[in-house]
Number of protein chains: 4
Amino acid sequence: MSSSFGRTLRVTVFGQSHSPAIGCVVEGLPSGFAPDLGRLQRFMERRAPGQGPWATTRKEPDVPEFVSGLNPRGETCGAPLCALIRNTNTRSQDYAALVRVPRPSHADWPAEARWHGSQDVAGGGHFSGRLTAPLCVAGGIALQMLEDRGVSVAAHLAQVGAAVDEPFAALGSPAEQTATLASQIDALAGRSFPAISPEAAAAMQAVIEDARKGQDSVGGRVECVATGMPVGVGSPMFDGVENLLARALFGIPAVKALEFGRGSQVAGLCGSQHNDPWVPGPDGAPVPAKNDAGGLVGGLTTGAPILFSVAVKPTASIGLPQESVDLATGEAVELRVKGRHDPCIAPRAVPVVEAVTALVLLDALLTYAPQ
Amino acid sequence: MSSSFGRTLRVTVFGQSHSPAIGCVVEGLPSGFAPDLGRLQRFMERRAPGQGPWATTRKEPDVPEFVSGLNPRGETCGAPLCALIRNTNTRSQDYAALVRVPRPSHADWPAEARWHGSQDVAGGGHFSGRLTAPLCVAGGIALQMLEDRGVSVAAHLAQVGAAVDEPFAALGSPAEQTATLASQIDALAGRSFPAISPEAAAAMQAVIEDARKGQDSVGGRVECVATGMPVGVGSPMFDGVENLLARALFGIPAVKALEFGRGSQVAGLCGSQHNDPWVPGPDGAPVPAKNDAGGLVGGLTTGAPILFSVAVKPTASIGLPQESVDLATGEAVELRVKGRHDPCIAPRAVPVVEAVTALVLLDALLTYAPQ
Amino acid sequence: MSSSFGRTLRVTVFGQSHSPAIGCVVEGLPSGFAPDLGRLQRFMERRAPGQGPWATTRKEPDVPEFVSGLNPRGETCGAPLCALIRNTNTRSQDYAALVRVPRPSHADWPAEARWHGSQDVAGGGHFSGRLTAPLCVAGGIALQMLEDRGVSVAAHLAQVGAAVDEPFAALGSPAEQTATLASQIDALAGRSFPAISPEAAAAMQAVIEDARKGQDSVGGRVECVATGMPVGVGSPMFDGVENLLARALFGIPAVKALEFGRGSQVAGLCGSQHNDPWVPGPDGAPVPAKNDAGGLVGGLTTGAPILFSVAVKPTASIGLPQESVDLATGEAVELRVKGRHDPCIAPRAVPVVEAVTALVLLDALLTYAPQ
Amino acid sequence: MSSSFGRTLRVTVFGQSHSPAIGCVVEGLPSGFAPDLGRLQRFMERRAPGQGPWATTRKEPDVPEFVSGLNPRGETCGAPLCALIRNTNTRSQDYAALVRVPRPSHADWPAEARWHGSQDVAGGGHFSGRLTAPLCVAGGIALQMLEDRGVSVAAHLAQVGAAVDEPFAALGSPAEQTATLASQIDALAGRSFPAISPEAAAAMQAVIEDARKGQDSVGGRVECVATGMPVGVGSPMFDGVENLLARALFGIPAVKALEFGRGSQVAGLCGSQHNDPWVPGPDGAPVPAKNDAGGLVGGLTTGAPILFSVAVKPTASIGLPQESVDLATGEAVELRVKGRHDPCIAPRAVPVVEAVTALVLLDALLTYAPQ
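Parameters at a glance
- Every chain's residues receive numbers from 1 upward, in the order its sequence appears when written.
- Chains carry letters and ligands carry numbers; both start at the beginning, A for chains and 1 for ligands, and go up in the order they are written.
- Note on the predicted model: pLDDT of at least 70 is required for a residue's local features to be given, and 80 or more for side-chain atom pairs to be given and counted; whole-chain, interface and lining totals, by contrast, use all residues.
- Think of the side-chain values as coming from all heavy atoms in the structure, minus any hydrogens and water.
- Secondary structure is summarised from DSSP: a helix means a run of H or I of at least four residues, a strand means a run of E of at least two, and numbering begins at the N terminus for each.
- Radius of gyration here is computed from C-alpha atoms only, and the compact-globule reference equals 2.2 Å multiplied by the residue count raised to the power 0.38.
- A simple rule labels every residue: compare its accessible area, found with a 1.4 Å probe on the protein chains alone, to the largest value its type can have, and call it buried under 20%, exposed over 50%, or partly exposed in between.
- Any two residues whose heavy atoms approach within 4.5 Å at even a single point are treated as in contact.
- We get accessible surface area from the Shrake-Rupley algorithm with a probe of 1.4 Å; when it comes to residues, only the shown protein chains can shield them.
- Charge assignment: positive for Lys and Arg, negative for Asp and Glu; neither His nor the chain ends contribute.
- We put the charge of a Lys on NZ, of an Arg on CZ, of an Asp on CG and of a Glu on CD.
- The fit set for superposing copies consists of C-alpha atoms from residues with pLDDT of at least 70 in both; the fit itself is least squares.
- By definition, a salt bridge exists where a carboxyl oxygen of Asp or Glu is found within 4 Å of a side-chain nitrogen of Lys or Arg.
- Amino acids are sorted into nonpolar (Ala, Val, Leu, Ile, Met, Phe, Trp, Tyr, Cys and Pro), charged (Asp, Glu, Lys and Arg) and polar (every other residue, Gly among them).
- UniProt positions are given in the numbering used here, feature names are shortened, and annotations may be inferred rather than shown by experiment.
- Multiplying 1.5 Å by the residue count of a helix minus one yields the expected span of that helix.
- Note that the arc is defined by the directions from the helix axis to the C-beta atoms.
- Polar contact is defined as a pair of N or O atoms within 3.5 Å, subject to the rule that within protein one atom must be able to donate a hydrogen and the other to accept it, and that residues adjacent in sequence are counted only when both atoms are side-chain atoms.
- Two strands qualify as a pair provided that DSSP identifies no fewer than 2 bridges between them.
- As a rule, the C-alpha atoms of each element are fitted with a line to give its axis, helices using only the stretch in contact, and angles between N-to-C directions run from 0 to 180 degrees.
- An angle below 35 degrees is treated as roughly parallel, one above 145 as roughly antiparallel, one from 65 to 115 as roughly perpendicular, and anything else as oblique.
- The hand of a helix crossing depends on one turn: near helix anticlockwise from the far one by less than a right angle means left-handed, and clockwise means right-handed.
- For any pair of parts, buried area is found by adding up, for both, the accessible area (1.4 Å probe) each one loses once the two are put together.

**Overview of the overall build of chain A**
(1) Moving on: Along its length, chain A carries 8 helices and 16 strands.
(2) Moving on: For 371 residues, the compact-globule formula gives about 21 Å, and the C-alpha radius of gyration of chain A, at 21 Å, lands near that figure.
(3) Moving on: Expressed as lengths along the three principal axes of its C-alpha atoms, the size of chain A is roughly 70 × 50 × 40 Å.
(4) Moving on: In chain A, buried positions account for 67% of the 371 residues.
(5) Moving on: A separation threshold of at least 6 residues defines the contact pool for chain A, and within that pool the share at least 24 residues apart is 72%.
(6) Moving on: With an accessible surface of roughly 11600 Å², chain A has 53% of that area assigned to carbon and sulfur atoms.
(7) Moving on: For chain A, the centre of its 29 positive side-chain charges and the centre of its 35 negative side-chain charges are spaced 5 Å apart.

Below you can see the structure in the form of structure tokens.
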């Protein structure tokens, strides 16, 4: 069950980087919904490689074929949806040597230790970031379904190296937060590079370009917000919205940290600073006066926007020489990773974070909503 | 299934803060193991309240009764183990008013929105930190079983407010890391306050005492290490060791962030800095020359120690006046939370993090080990 | 997860025949429901031993203690419900020899092969029929919740040896079936021995008494009906109502066969005989004109009563001499099973079948109902 | 999760009768195994339609494409295996009217009640027997893997209408049973029609031909045996081998009853008849002297062959006129089901039962084997 997540809405991802195809099976989608396939394709393209100087030059069409789950009118029909993306433009020969010399920061050696040579090493096999494409198919549909339920999910590139974007709004009155978030999300919709501030975008691109020129790579941070979730969604202990998001988000390759609300800063705060006071909302029901909690307390939604960020490690494949071991001889060797790689994977992770978040939140709404 | 986690080894936690009892059911424990109940009790006591000036003065004996799962010789017998802890020393009257005025940073209002008055509000009900006691029963047994498999788990208080402890070793040659970690873990074994450095311990206790005197609270950070895990344990995508730890660790109340290895710092690093080179180990098999990855790549163990930290928010219950809303009238009111509360919950979270980690790692070994 | 079943409503059973206690944890119960504990106790008593000459003379009080899951008003509160039944009146010495000489038709030897001596052999350990008591606690609450939803579940003893009861109605117009079933269910409510026909009851009791006198045992068949289930509940393939019932019902010790509707007779029927025609119901919607399908087609409810039966093998423990093997010597030995045992377990299985059915149907309604 | 089953080895089936493709995803297959694709194809052909006068004349090639899960050498590689079968030769127009007039004994009306028109009605959608083709892909591989572990699975047509085949051996000494079973399984290997006795085969074919000529259909019974399973596999209560088989086997369309060992006959037996005595095997370990239990006690294997049968209802689609209801008007109408249908589906169910059994037993071996 390692390639699956979800309770009512269950996503299973299959495929290897260089297998004939990759894809997903999605069980439990609400029936009678006709996904807008044009919008879905545009969403997929935000993840696709080859979009700018900061990304790999590989070109993959990534057009999903829906082989099941839709009725003749194109609506979800209660049966599991299966979408398939063919793998093309593969270069298996780039990877042949890696069977013998594992790459630093890749799973080559742990996979060899686990599967003793039967693992599919080409392109990272089932570990490949390529598997985020079917996640985006499933998540792109979930995003559309959430929109019908009044929930929006948006992410941006919050940091690359030392360059930082402005954060999503978490301070000010609930009305002010809502207004600021709306304008931030609007701004992102028009950007080819997923930062809110044009200046930050330029600075980040410069950092990435430097890494590319140096045959190096650089890490980043993706921040995500979900607005419109009703209060009281989730379940205490191990199926809180944090838990569900956490399990799924760490499935995105390269994610090394996850922080909700103020995140790791809470270690330095007092309760009187961190606690979000309740104030009466328009109908008298409590709403948080600020959002240090990131919209989640005890695993349940507070009614405030859900706010979190993930840290994405630098692309492991770099052109610079690195130390490794020849598995055949047990001796130290120098390794240079060839092939075409993103100097920073974080920009392409932005829609993937949105996709995974949408899948988790739709599942939480279907499973753990107020009765 | 919100109160359960695990694949082969499955833990279910039940109880409310003020129900007759709390406890756990553990399915899938390897059979034929006789837990050392004296050691288990000493482990439980590290979590128990009332241990020092920095903790609540409530006293709870927390002696588990094993009502099933052991044979007459006291060994695990293949049947689910159920351990029960009676709730005593409860003061329900402290919480009566909270039904009407939700506490900031607690789940009172989200729970009311979800369950419309049927939730058990006393002491936080099923959201209570009290439920970490049965987690420590299950985890304490898992710790002993791991030890038999050569795996050690240890955690310390890495930060409270601005006071920081020395971190677990992640630099230097593998042999140097191992030696330093061993001495750090040894040092912790003798401490009543779970910090490696005595100076850091004193500074942290001072921060906590200040919070207590100010009727306020303060957050913290717990760092955890697991040594001895073989290489290749885990599974790609959603059952990587990161995913499994993440889902479980966010079940510890007050955890708001989780970072593996360099964690959120990776956003600012280059690949040439972050990548851990492989060097030949004693038998020629690759070992990481340093441990920025925290012992995990692609969801699988690398053979290096597993290293991560969680940020724990300040105790939500503080004596200072706070803003809230009277649910009966929909009007703003001032709230003062009474009762006895830890000014910093992070010290008591240390053994809980160890317990949860042990349960997850034992499950991973039983489910996803090299064939 | 072997001791658990259910999707939204999840039941976990723990305990061994002679452990300090047995019990269950039930997650996912709808909140705000106050079980009638008096009715629950009367339901429990239908399963309890010691009720008549046909049953074992052991006396077990079987009064559940609810240690979690209810709020102070006695209502389900959203947290997992845990109920505990203490084991008393155990006679471990009766079983000491069985470690060495496995009983025919018991799991003694398979358990030894699996757990190599660590299994708890006393009273059958975790295999014991005693574990149906907590199933009746959970199921007794589910029965009450179903009643609130217009669903009734009733079972009777359809056969013991060659003696047979009249079957639940499956022929005639829907209105006639409903009327007959109602009168059959009414009749059962007044019976201490669970047969519809008093003559059949007398014949069955005679068969059981003969078995008892002969130090032998006899098998039986339990038929169950559920009325009031709406049409369209269930899910195709592996979570059809048949699948869910099947997995759970084979968890009742001694069940060896399960038949829905006409059951194994369908092998001899033509489609023109077996197919249930659709006729317009009062509102014009289709209803089956007869009920050979047992209320289930393709895993989904048809709107007709759900009808099935389970065959219960003769009690494995008999006083007559039997052949076995001495595990210490590997030689054939004669075995006489001592202790107090039901000469026919089927009468006591009747409420257990009702309990398990109620748990499965409530879960199906919560998980797979029409949207 | 309705389209999935399995613990360690998890099978998910997707597709509708007339969707672009059907297929399966199989997680948890042991790695390093190269399936013999020629043998797999021959196994698939045993299920394929169009093989004889007793079957539908539709022709479906049913050649699976493996889009993931194999490495370049054709071995399982640790990643989920996905196999795809394209749907061709569909005739959607045959089914257009069925949206309005539900067929007796089909799920048309329950599906309409559940999904309100969004279900895919063509060819039965996700309810179609066509989905047993991907089950045979997955199960055909499992059969090969089991063979490597010394386990054989074979099924035959035990009954069609009043015609019955000789049963698999369950009496006589263990050695005699083994010899008889071996010759029975050998005999089946050479049969195009899956009966042991040629006379029974002829009688069954005559019954089927009569049904075909009469535009009617007929039911059947499939008996299955698995030899070579070690003793002690399985788990008590809800993951006994019976439970696991039961949940999966009722996923085969048209299965209405499942009986282990003596099955429903146990209701009429005494313990002294039904209990299988233990006798010393060649190494002194106990083996059952006969096999009334069907190789399973308390959910665990006894070491004897696993024996069970399933009853398969008559094909629901018959040419004879039947009563139904026009959903648009709510009035009774006469229905004649057109299209090409098997007059008896049971012969084609034989390899499907083998496939499902193999998947369940391989999963049980991987999950619940002696330690």
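Structure's up, so let's keep going.
**A closer look at the relation of the copies chain C and chain B**
(1) Moving on: The two copies are related by a screw motion: chain C maps onto chain B through a turn of 180 degrees and a shift of 0.0 Å along the axis, at an RMSD of 0.0 Å. Such a combination of turn and shift is consistent with a two-fold rotation axis. Scanning chain C for the C-alpha nearest the rotation axis identifies Val25 of chain C, at a separation of 4.1 Å.
(2) Moving on: Both copies contact each other with a shared surface, as 100% of the interface residues of chain C are interface residues in chain B too.

**Quick notes on the interface of chain C and chain B**
It is common to give the size of an interface as the accessible area lost on bringing the parts into contact.
(1) Moving on: At the interface, 42 residues of chain C touch 42 residues of chain B.
(2) Moving on: Joining chain C to chain B, the criterion identifies 2 salt bridges.
(3) Moving on: For Glu65 of chain B, the salt bridge is made with Arg86 of chain C, and the minimal N-O distance between the two is 2.7 Å.
(4) Moving on: Among the elements that line the side of chain C that touches chain B, the one with the most residues is strand 2 (residues 10-15) of chain C, at 5 residues.
(5) Moving on: Each residue belonging to the side of chain C that touches chain B can be placed in one class, and the counts come to 16 nonpolar, 18 polar and 8 charged.

**Notes on the UniProt feature "binding site: NADP(+)" (unreviewed entry) in chain A**
All names here are of chain A.
(1) Moving on: UniProt tags Arg47 as "binding site: NADP(+)" (unreviewed entry).
(2) Moving on: Residue placement: Arg47 occurs in helix 1 (residues 37-47).
(3) Moving on: When its relative accessible area of 3% is taken as the criterion, Arg47 is described as buried.

**Examining helix 4 (residues 174-189) of chain B**
Residue and element names in this part refer to chain B.
(1) Moving on: Compared with an ideal rise of 1.5 Å per residue, which puts 16 residues at 22 Å, helix 4 spans 22 Å between its outermost C-alpha atoms and is within 8% of the ideal.
(2) Moving on: Where helix 4 is concerned, the buried positions are Gln177, Leu181, Gln184 and Leu188. One side of helix 4 holds all its buried residues, which, seen down the axis, span an arc of 65 degrees. Across helix 4 from its buried face, at more than 90 degrees, point the exposed residues Ala175, Thr178, Asp186 and Ala189.
(3) Moving on: Those residues of helix 4 that are buried lie in contact with strand 6 (152-160) and strand 8 (220-227).

**Observations regarding the UniProt feature "binding site: FMN" (unreviewed entry) in chain A**
Residue and element names in this part refer to chain A.
(1) Moving on: Residues annotated in UniProt with the feature "binding site: FMN" (unreviewed entry) correspond here to His126, Phe127, Ser128, Gly298, Lys313, Pro314, Thr315, Ala316, Ser317 and Arg340. Of the residues just listed, which span 215 residues, the most distant C-alpha pair is 43.7 Å apart, and they do not cluster in one region.
(2) Moving on: Considering the arrangement of structural elements, one finds Ser128 in the loop between helix 2 (108-115) and helix 3 (132-148).
(3) Moving on: For Ser128, the residues in contact, after removing those within four places along its chain, are Ser17, Gly123 and Pro253.
(4) Moving on: With respect to the helices and strands, Ser317 occurs in the loop between strand 14 (306-312) and strand 15 (322-326).
(5) Moving on: In this structure, Ser317 is in contact with Arg103, His106, Val337 and His341, ignoring residues within four places of it in sequence.
(6) Moving on: Of note is the side chain of Ser317, whose polar atom sits 2.8 Å from the side chain of His106.

**Some points on helix 3 (residues 132-148) of chain C**
Residue and element names in this part refer to chain C.
(1) Moving on: Look at helix 3: 24 Å from first C-alpha to last across 17 residues, which is about the 24 Å you get at 1.5 Å a residue.
(2) Moving on: Burial within helix 3 is extensive, with 15 of its 17 residues counted as buried.
(3) Moving on: Residue Gly150 follows helix 3 closely and has a positive phi angle near 80 degrees.

**Examining the pairing of strand 15 (residues 322-326) of chain C**
Looking along a regular strand, one sees side chains alternate from face to face of the sheet.
Residues and elements named next belong to chain C.
(1) Moving on: Of all the 5 residues making up strand 15, 4 are buried; the element is thus mostly covered by neighbouring parts of the structure.
(2) Moving on: Note: strand 15 against strand 16 (residues 331-335), 5 bridges, orientation antiparallel. Following the sheet pairing, Asp326 is matched in strand 16 by Glu331.
(3) Moving on: Between strand 15 and strand 16, which pair antiparallel in sequence order, lie 4 residues; one of them, Gly330, sits at a positive phi of approximately 75 degrees.

**Brief notes about the side chain of Asp239 of chain D**
(1) Moving on: Relative to the helices and strands, Asp239 of chain D resides in the loop between strand 8 (220-227) and helix 6 (241-249).
(2) Moving on: Looking at Asp239 of chain D, its side chain comes within polar contact range of the side chain of Tyr368 of chain D, at 2.5 Å.

**What about the sheet that holds strand 5 (residues 81-86) of chain B?**
Residues and elements named next belong to chain B.
(1) Moving on: The antiparallel open sheet is built from 5 strands, whose spatial order is 1-2-3-5-4. Every other strand in the sheet has two partners, leaving strand 1 (4-5) and strand 4 (65-68) as the edge strands with one partner each.
(2) Moving on: Pairing between strand 1 and strand 2 (residues 10-15): 2 bridges, direction antiparallel. Paired with Phe5 across the bridge in strand 2 is Val11.

**A closer look at the pattern of salt bridges**
(1) Moving on: As enumerated under the stated definition, the model contains 67 salt bridges over all chains in all.
(2) Moving on: The salt bridge involving Arg247 of chain D is made with Asp239 of chain C; its shortest N-O contact spans 2.7 Å. Taken together, the residues span two chains, with Arg247 of chain D in helix 6 and Asp239 of chain C in the loop between strand 8 (220-227) and helix 6 (241-249).
(3) Moving on: Taking relative accessible area as the criterion, Arg247 of chain D reaches 11% and is therefore assigned buried.
(4) Moving on: Of the charged contacts in the structure, one is a salt bridge between Asp342 of chain C and Arg348 of chain C, with a shortest N-O distance of 2.7 Å.
(5) Moving on: Accessibility expressed as a relative area gives 9% for Arg348 of chain C, which makes it buried.
(6) Moving on: Linked by salt bridges that have partners in common, Arg262, Asp276, Lys290 and Asp292 of chain A make up one network.

**Let's talk about the packing of helix 1 (residues 37-47) of chain B against helix 8 (residues 346-367) of chain B**
Residues and elements named next belong to chain B.
(1) Moving on: Interaxial distance between helix 1 and helix 8 falls to 6 Å at its minimum, and their mutual angle equals 130 degrees. With respect to each other, helix 1 and helix 8 are oriented oblique. Of the residues in helix 8, those touching helix 1 at Phe43, Arg46 and Arg47 are Arg348, Val350, Pro351, Val352, Glu354 and Ala355.
(2) Moving on: Its residues assigned to classes, the contact of helix 1 with helix 8 comprises 5 nonpolar, no polar and 4 charged.

**Brief notes about the packing of helix 3 of chain A against helix 8 (residues 346-367) of chain A**
How two helices sit against one another is set out by the angle between their axes and by the gap between those axes.
All names here are of chain A.
(1) Moving on: At a closest axis distance of 7 Å, the pairing of helix 3 and helix 8 adopts a crossing angle of 55 degrees. As far as their axial angle goes, helix 8 and helix 3 are oblique. Relative to helix 8, helix 3 is oriented so that their crossing is left-handed. The residues of helix 8 that touch helix 3, namely those facing Thr132, Leu135, Cys136, Ala138, Gly139, Ala142, Leu143, Met145 and Leu146, are Pro351, Val352, Glu354, Ala355, Val356, Ala358, Leu359, Leu361, Leu362 and Leu365.
(2) Moving on: The residue makeup of the contact of helix 3 with helix 8, split by class, is 16 nonpolar, 2 polar and 1 charged.

**A word on the interface of chain A and chain B**
(1) Moving on: With 99 residues of chain A at the interface, the matching set in chain B holds 99 residues.
(2) Moving on: Taken together, both faces of the contact between chain A and chain B bury some 8000 Å²; the carbon and sulfur share is 64%.
(3) Moving on: It is Phe238, Lys256 and Trp278 of chain A that lose the most area in chain A upon contact with chain B, and together they represent 11% of the buried surface on that side.
(4) Moving on: Linking chain A to chain B there are 4 salt bridges.
(5) Moving on: Put simply, chain A and chain B have 45 residue pairs in polar contact (both at pLDDT 80 or more) between them.

**Some points on the sheet that holds strand 4 (residues 65-68) of chain C**
Residue and element names in this part refer to chain C.
(1) Moving on: Here we have 5 strands laid out as an open sheet, ordered 1-2-3-5-4, and antiparallel in their pairing. Two strands close off the open sheet at either side, each with one partner strand: strand 1 (4-5) and strand 4.
(2) Moving on: Sheet analysis places strand 2 next to strand 3 (residues 21-27), joined by 6 bridges and oriented antiparallel. Across the sheet, the residue bridging to Val13 is Cys24, located in strand 3.

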